[in-house]
Amino acid sequence: MRECRIAWSPGEARIAVCDDDELIDFALWRPGMPDGYGDTHLVRVQKAAPAMGGAFVTLADQSSGFLTGTHQEGTLVSARVTRSAQNGKGLRLKPLSGDLPEGDAPRLISRGPSPLEEIAARYPELPLCCDAPAFMALIPSSLRSRVERVSMAFDAVLEESCEELATPLATLPNGLRATFTPTPALTAIDLDDPAPDQRRQMDGFTANRNGFVALAREIRLRNLSGAILIDPAGVPLRKRPALGSFLADALAGDPMQPKMLGATALGLLEVVRTRGRAPLHEILSNPGGRGLAALRQILRDKSDKRAGGTPMLRASMSVVRALESDQDTITQFALEWGAPLTLTMMPDYPDAYWSFTP
């Protein structure tokens, strides 16, 4: 049975669509840290870049983005964000046709759909099962009729499945294992066959072919995009191109429309998947993600006798700044803990490290 289950912790909703115990779709929604995807803006053209097919623009918050098309420097243009900031690059925008909105300076015109709204539209028949009353007020009014209150959104199996998405490894059918290695230019996926002798009456070609549905699901769950190169496990170079049609079939139905392009001279299967929101590994490892994960872990470990007091979270400067920019999350944490939270910048802390004093 399919279900859409939403686990809420201060500042972050983990949205999981599962079919019995199988995770089939996943998204993170951070209301206080929007990624800008789908937003409509009035932007000012700062510098034309015809060789790149567009121009650099300034938004209302003084951040920069790249607008496709030909534009005159200094003009205002209405545009929609087609790719959130990721991989060290800012927002990418596409100009909108029609009359220019009123205004003589850059401004945000409207927000795009949230990850929750996207999931809800993708699965219109599913109720939205949530375990936190605090989250109910954040759900758009158009979706509230679909909300069902549950005592626990994530059981142990679903929790483990979602936690595995934060790792670079995934187990596929027939004993195959996938290792995901993102780079600035592409994502490499190495399929490994740790114990081929234990797989009776199944050659490497068949094992890879049978694992592609699960691999395609991992690509979607992790929101890997751009160029993706897949190294099959234990398949001779001359047979690898024949795997392409099976991989293409497995990728069908993905809303980001991945395309199987063929096999390279080295036998790597080449896929391209449309970029939209940032991939999951970037969302989890950015300063905001590190901070929200710390808050969730602190509340998960809290016992009644530790509630109250003078809680203090020490973290890197970037993590503290990210949390300070989302005061609603700090307020939510204080309500759940029972006392206001103090944030302390530690210049010598890396982003991945934090400490907490109750």
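Residues numbered from 1 in each chain as written. Predicted model: local features only at pLDDT ≥ 70, side-chain atom pairs only at ≥ 80, totals over all residues. Heavy atoms only, no water.

J.: Even after reading the chapter, I still don't get the sheet that holds strand 14 (residues 187-192), so can you show me in this structure?
T.: Strands belonging to one sheet form pairs held by backbone hydrogen bonds; the direction of such a pair is parallel or antiparallel. Pairing is mixed in the open sheet, where six strands are placed in the order 12-13-14-15-17-16. At either end of the open sheet lies a strand with only one pairing partner, and these are strand 12 (169-171) and strand 16 (259-263). Adjacent strand axes in the sheet meet at a mean angle of 20°, parallel and antiparallel pairs treated alike. As paired strands, strand 13 (residues 177-182) and strand 14 are joined by six bridges and run antiparallel to one another. Looking at the pairing, alanine 178 lines up with leucine 191 of strand 14. (Pairing = 2+ DSSP bridges. Helix = DSSP H or I, 4+ residues; strand = E, 2+ residues; numbered from the N terminus. Axes fitted to C-alpha atoms, helices over the stretch in contact; angles between N-to-C directions.)

J.: Even after reading the chapter, I still don't get the packing of aromatic side chains, so can you show me in this structure?
T.: Each aromatic ring pair is described using two quantities: the centre-to-centre distance and the angle formed by the ring planes. The full count for this structure, using the stated rule, is seven aromatic pairs. When the ring of tyrosine 349 is compared with that of tyrosine 353, the centres are 4.9 Å apart and the planes differ by 75°; the resulting orientation is edge-to-face. The class for tyrosine 353 is partly exposed, based on a relative accessible area of 44%. Through a chain of ring-to-ring contacts, three or more aromatic side chains come together here, namely Trp8, Trp29 and Phe135. Sitting over the face of the ring of phenylalanine 246, arginine 209 holds its NZ or CZ atom 5.3 Å from the ring centroid. (Phe/Tyr/Trp six-rings, centres within 6.5 Å; stacked < 30°, edge-to-face > 60°. Buried < 20%, exposed > 50% of the residue type's maximum accessible area, 1.4 Å probe, protein only. Lys NZ or Arg CZ within 6 Å of the ring centre and 35° of its normal.)

J.: Where do I start with the pattern of salt bridges in this structure?
T.: For side chains bearing opposite charge, pairing can occur when the charged atoms are close. As enumerated under the stated definition, the model contains 17 salt bridges in all. Through salt bridges with shared partners, one network takes in Arg14, Glu159, Glu163 and Arg300. (Salt bridge = Lys/Arg side-chain N within 4 Å of Asp/Glu carboxyl O.)

J.: Help me understand the sheet that holds strand 19 (residues 342-345) in this model?
T.: Strand order in the open sheet made by the three strands is 19-18-20, with mixed pairing throughout. The outermost strands of the open sheet, each flanked by one partner alone, are strand 19 and strand 20 (354-357). Direction aside, the axes of adjacent strands within the sheet are offset by 20° on average. Pairing analysis gives four bridges linking strand 18 (residues 312-315) to strand 20, with the strands arranged antiparallel. When the bridges of strand 20 are listed, arginine 314 appears paired with serine 355. Packed on one face of the sheet, helix 7 (residues 287-301) meets strand 18 and strand 20 and runs near 40° to strand 20. (Contact = heavy atoms within 4.5 Å.)

J.: I'm lost on the layout of surface pockets in this one. Help?
T.: Empty space among the atoms becomes apparent when a probe as large as a water molecule is rolled across them. Its boundaries defined by the atoms lining it, the second largest pocket holds a volume of some 440 Å³. Along the wall of the second largest pocket there are 22 residues; nearest its centre are Glu163, Ala166, Leu284, Ala293 and Arg296. Those elements that place two or more of their residues in the lining of the second largest pocket are strand 2 (12-19), strand 3 (22-29), helix 3 (156-164), helix 6 (280-285) and helix 7. If you tally residues by element for the lining of the second largest pocket, the top one is helix 7, at seven residues. (1 Å grid on protein atoms, 1.4 Å probe; cavity = no way out; pocket = protein on both sides within 12 Å on 5 of 7 lines; lining within 4 Å. Points joined across faces, edges and corners; volume = space filled by probe spheres on them.)

J.: Explain helix 7 to me, please; I cannot follow it from the model alone.
T.: An α-helix turns once per 3.6 residues; consequently, residues spaced three or four apart project the same way. Relative to the 21 Å expected for 15 residues at 1.5 Å per residue, helix 7 spans 21 Å between its end C-alpha atoms, a close match to the ideal helical length. All of the buried residues in helix 7 are Gly288, Gly289, Gly291, Leu292, Ala294, Leu295, Arg296, Ile298 and Leu299. (Expected span 1.5 Å × (residues − 1).)

J.: So what exactly am I meant to see when it comes to the pairing of strand 3 here?
T.: In the case of a regular strand, side chains alternate between the two sheet surfaces. Of all the eight residues making up strand 3, seven are buried; the element is thus mostly covered by neighbouring parts of the structure. The sheet contact formed by strand 2 and strand 3 spans seven bridges and is antiparallel. Across the sheet, the residue bridging to aspartate 19 is glutamate 22, located in strand 3. Between the end of strand 2 and the start of strand 3, which pair antiparallel, lie two residues, with aspartate 20 showing a positive phi angle near 55°.

J.: How should I be thinking about the packing of helix 4 (residues 204-221) against helix 5 (residues 244-251) in this particular structure?
T.: To describe two helices that pack against each other, one gives the angle between their axes and the distance between the axes. Between helix 4 and helix 5, the shortest axis-to-axis distance is 8 Å and the interhelical angle comes to 20°. Overall, the two elements helix 4 and helix 5 adopt an arrangement that is roughly parallel. Read as a crossing pair, helix 4 and helix 5 show a hand that is right-handed. The segment helix 4 lies against helix 5, with Phe205, Arg209, Phe212, Val213 and Ala216 engaging Phe246, Leu247, Ala250 and Leu251. Within the contact of helix 4 with helix 5, the residues separate by chemical class into eight nonpolar, no polar and one charged. (Parallel < 35°, antiparallel > 145°, perpendicular 65-115°, else oblique. Left-handed = near helix turned anticlockwise from the far one by under 90°. Nonpolar A, V, L, I, M, F, W, Y, C, P; charged D, E, K, R; others polar.)

J.: I'm lost on the side chain of asparagine 208 in this one. Help?
T.: By secondary structure assignment, the location of asparagine 208 is in helix 4. According to the relative accessible area criterion, asparagine 208 is buried, its value standing at 1%. What asparagine 208 contacts, discounting residues up to four positions off in sequence, is Leu176, Leu191, Pro232, Ala233, Val235 and Leu243.

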